[in-house]
Every structure is written in C-alpha cells, then in structure tokens.
Amino acid sequence: MRTKKVIPVIIAVFLIAAAIVSVSLLTSHASKGESKPTESNVKDTQILSAENQTDAGIKEPTETASEMGTETIEKIDLMEMADMMVYTYEELKERADAIVKVKIKDELTKENSVYKEAKSNVYNRDTGWCYSLREVEVLEVYQGAEDWNVGDAKKIQDACAIIPDGNRWVLYIFDEYEPPEKDATYLLFLEKGTRSGEPGIINYGNGSVNLDSPEKNQYPDIEKAAIEEFIN
C-alpha cells in the first residue's frame with residue numbers, strides 16, 4: 001500500500017517541475033524578443049523589407065492642380081528653418097565655375113521642376129530634395145563656361161521648384177529668394193557638381209543678380225560690384 005501511494009506523488013512532482021521549466025523557457029524567449037528586433041524579425045514584420053521601402057526616385061509631377069484638389073500654389077520659404085552662409089563678392093568669384101549674363105527663356109512650372117520625396121521611419125531617414133531646370137539664352141560669358149557661346153540655348157539648375165505636397169501644390173523658395181523671371185536678364189554665378197549635371201546658381205539669391213529689376217536683388221553689394229566689374 002505504501003508503494004502505491006508514493007508513485008502518484010513522484011509523478012505529480014515531475015509534472016510540476018516540467019511545467020516550471022516550460023514557463024521559464026517561454027519567459028526567457030519573450031524577454032529576448034522584446035530587446036531589439038533581429039534582421040529576420042524586421043523582415044518578417046515588413047518594417048524594412050525591400051518590397052515596402054522602394055526608392056521614390058526622381059519624379060516630375062503629372063497631376064494637375066485641379067486633380068489634387070486645389071488651383072492655388074502655396075509659397076513656402078524653407079530657409080526660415082535654417083541658417084545660410086552668405087558669400088562675399090570675392091568669395092563668389094573664387095567659387096564660381098562660370099560667371100555669365102543670360103536671358104531667362106521660360107517660367108518656373110510643374111513640368112520643369114524635379115523632386116525626390118522624403119521617406120523616413122523609425123529605422124531610416126531619407127531626406128528629399130527638389131530643384132528646377134531653367135532654359136536660358138547666353139548673352140555674355142565673363143568667366144569659365146568655355147563651351148558656352150553667345151546666343152547658345154542652355155539649361156541651368158535653380159533651387160526653386162513647384163512640387164506636390166499632399167493635396168496641394170507648393171512653390172519652395174529659399175531665404176526669400178524668388179525664382180528667375182521669364183524674359184529678364186541676369187548675371188549669374190554658377191557652379192558645377194549639381195544633381196542635374198547642369199550648372200547651378202550658387203547659394204540662391206547670393207549668386208543671382210537681376211539686371212532688369214535691381215530692387216529685387218537681395219544683396220546690393222554683390223549687385224554693385226558685379227555691375228562695376230562686368231557690365232560698366
């Protein structure tokens with residue numbers, strides 16, 4: 001009789017011990033899973049999988065303003081949120097790959113604006129960018145631009161662009177710099193190495209002198225020095 005009573009007790013103790021071990025293993029596994037997601041876990045949950053994080057690439061807006069729900073283009077000055085280095089006249093001349101006088105042949109539009117969407121999440125931040133490609137007629141070449149001749153039609157990169165933002169169109173400007181105006185004449189300080197491969201205006205309004213409307217120039221000292229050296 002005593003032997004029959006002992007066996008059930010042993011079995012019960014064994015089952016209790018097994019249950020404790022199982023709970024311990026489950027708890028350990030759960031705590032490890034909460035610490036930091038492994039590469040396989042991230043892919044399984046599709047947080048950073050290649051299928052969900054495709055590059056936005058370079059885009060040209062194809063929708064009309066009416067299709068996006070508004071006919072109004074809102075102007076936003078991005079440089080209100082950041083500081084900008086301003087070059088002196090001598091620094092501009094030294095930095096410039098080309099100094100030219102041109103006539104702007106087109107207006108800033110959605111069609112000549114280029115952009116890349118910003119994409120970010122908890123694991124990754126991808127900063128967007130934008131610019132426009134403007135058509136110009138070469139009037140004079142003062143420095144550099146050996147392959148530019150008077151009368152040539154060329155393209156330049158400008159920082160301002162019109163791009164979609166949600167259900168609206170936005171004109172992005174920088175430090176109150178307005179995009180070059182069609183049919184106006186400008187003296188431009190240009191540099192190479194831009195995203196588009198075309199020469200770009202240096203530092204927004206810092207490297208742009210409107211010869212037709214001097215009151216619109218942001219840097220009168222640059223305007224005065226450039227006109228005295230190249231125009232007069």
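Residues numbered from 1 in each chain as written. Predicted model: local features only at pLDDT ≥ 70, side-chain atom pairs only at ≥ 80, totals over all residues. Heavy atoms only, no water.

Whenever I open this one, the packing of aromatic side chains confuses me. Can you help?
Each pair of aromatic rings is reported with the distance of its centres and the angle of its planes. Counting across every chain of the model gives 5 aromatic pairs. Each ring, one from tryptophan 129 and one from tyrosine 131, has its centre 5.7 Å from the other, and the planes form 10 degrees; the classification is stacked. Summarising the burial analysis for this pair, tryptophan 129 and tyrosine 131 share the class buried. Taken together, a centroid distance of 4.8 Å and an interplanar angle of 5 degrees make the contact between phenylalanine 174 and tyrosine 204 stacked. With phenylalanine 174 in the loop between strand E9 (168-173) and strand E10 (185-191) and tyrosine 204 in the loop between strand E11 (200-201) and strand E12 (208-210), this residue pair connects regions lying 30 residues apart in the sequence. Given the relative accessible area of 9%, phenylalanine 174 is considered buried. (Phe/Tyr/Trp six-rings, centres within 6.5 Å; stacked < 30°, edge-to-face > 60°. Buried < 20%, exposed > 50% of the residue type's maximum accessible area, 1.4 Å probe, protein only. Helix = DSSP H or I, 4+ residues; strand = E, 2+ residues; numbered from the N terminus.)

I'm lost on helix H4 (residues 220-231) in this one. Help?
Note on helix geometry: an α-helix contains 3.6 residues per turn, so any two residues three or four positions apart are oriented the same way. Every buried residue belonging to H4 is among Ile222, Glu223, Ala226 and Phe230, and all of these are buried. One side of H4 holds all its buried residues, which, seen down the axis, span an arc of 95 degrees. Within H4, the exposed residues directed more than 90 degrees away from the buried face are Pro220, Asp221 and Lys224. At its buried positions, H4 is contacted by helix H3 (89-95), strand E2 (98-104), strand E6 (129-144), E10 and E12. (Arc of directions from axis to C-beta. Contact = heavy atoms within 4.5 Å.)

Whenever I open this one, the side chain of asparagine 210 confuses me. Can you help?
Looking at where asparagine 210 falls in the secondary structure, it is placed in strand E12. Overall, the relative accessible area of 4% leaves asparagine 210 in the buried class. From its side chain, asparagine 210 meets the backbone nitrogen of serine 213 in a polar contact 2.9 Å long. When residues no more than four places from it in sequence are discounted, the contact partners of asparagine 210 are Glu181, Ala184, Thr185, Tyr186, Lys216 and Asn217. (Polar contact = N/O pair within 3.5 Å; in protein donor to acceptor, adjacent residues only side chain to side chain.)

How do you make sense of the environment of glycine 205 when you look at a structure like this?
For glycine 205, the position within the fold is in the loop between E11 and E12. Each C-alpha atom of the pair glycine 205 and phenylalanine 174 lies 8.5 Å from the other, and the pair is 31 residues apart in sequence.

For this particular structure, what's the right way to read the nonpolar core?
Looking at soluble globular proteins, one finds that nonpolar side chains tend to be buried together. By size, the foremost hydrophobic cluster in this structure holds 21 residues, and its most contacted members are Val100, Val102, Trp148, Ile156, Leu188 and Leu190. Broken down by secondary-structure element, the contributors of at least two residues to this core are E2, E6, E9 and E10. Among the elements that make up this core, the one with the highest residue count is E2 (4 residues). Among residues more than four places away in sequence, those in contact with valine 102 are Val136, Glu137, Val138, Leu139, Trp148, Ala184, Thr185, Tyr186 and Leu188. In terms of nonpolar packing, the next biggest core, distinct from the first, is built from 13 residues, Tyr89, Leu92, Ala96 and Ile202 among them. (Core = buried A, V, L, I, M, F, W, Y, C linked by side-chain atoms within 4.5 Å.)

Before we go on, may I ask you to explain the confidence of the model for the chain in this structure?
It should be kept in mind that the predicted coordinates are not to be read in detail where pLDDT is low. Averaged over the chain, the pLDDT score is 74; the fraction of residues at 70 or greater is 62%. Segment residues 1-70: pLDDT under 50, and 59 contacts once partners within four positions in sequence are set aside and those in other chains are kept. (pLDDT = per-residue confidence, 0-100.)

What's the story with the state of the cysteines in this structure? I'm lost.
Simply put, the disulfide is a covalent bond whose two ends are the sulfur atoms of two cysteines. Counted under the stated rule, the structure contains 0 disulfides. Summary of cysteine pairing: cysteine 130 is not part of a disulfide, and the nearest cysteine sulfur, belonging to cysteine 160, is at 8.4 Å. According to the relative accessible area criterion, cysteine 130 is buried, its value standing at 16%. On the basis of relative accessibility, which here comes to 0%, the residue cysteine 160 falls in the buried class. (Disulfide = S-S within 2.5 Å.)

Before we go on, may I ask you to explain the sheet that holds strand E8 (residues 161-165) in this structure?
Note on sheets: strands pair through backbone hydrogen bonds, and any given pair is parallel or antiparallel. Here we have 3 strands laid out as an open sheet, ordered E1-E9-E8, and mixed in their pairing. Each edge of the open sheet carries a strand with a single partner, namely strand E1 (73-77) and E8. The average undirected angle you get between the axes of adjacent strands in this sheet is 35 degrees. Across 5 bridges, E1 lies against E9 in parallel orientation. Bridged to aspartate 77 within E9 is isoleucine 173. (Pairing = 2+ DSSP bridges. Axes fitted to C-alpha atoms, helices over the stretch in contact; angles between N-to-C directions.)

What exactly am I supposed to notice about the pairing of E6 here?
If a strand is regular, its side chains alternate between the two faces of the sheet. Bridge analysis of E2 against E6 gives 7 bridges, and the strand direction is antiparallel. Bridging across to E6, isoleucine 99 finds its partner in glutamine 143. As judged from the 4 bridges shared by strand E3 (residues 113-116) and E6, these two strands associate in the antiparallel manner. Its bridge partner lying in E6, valine 114 is registered against tyrosine 131.

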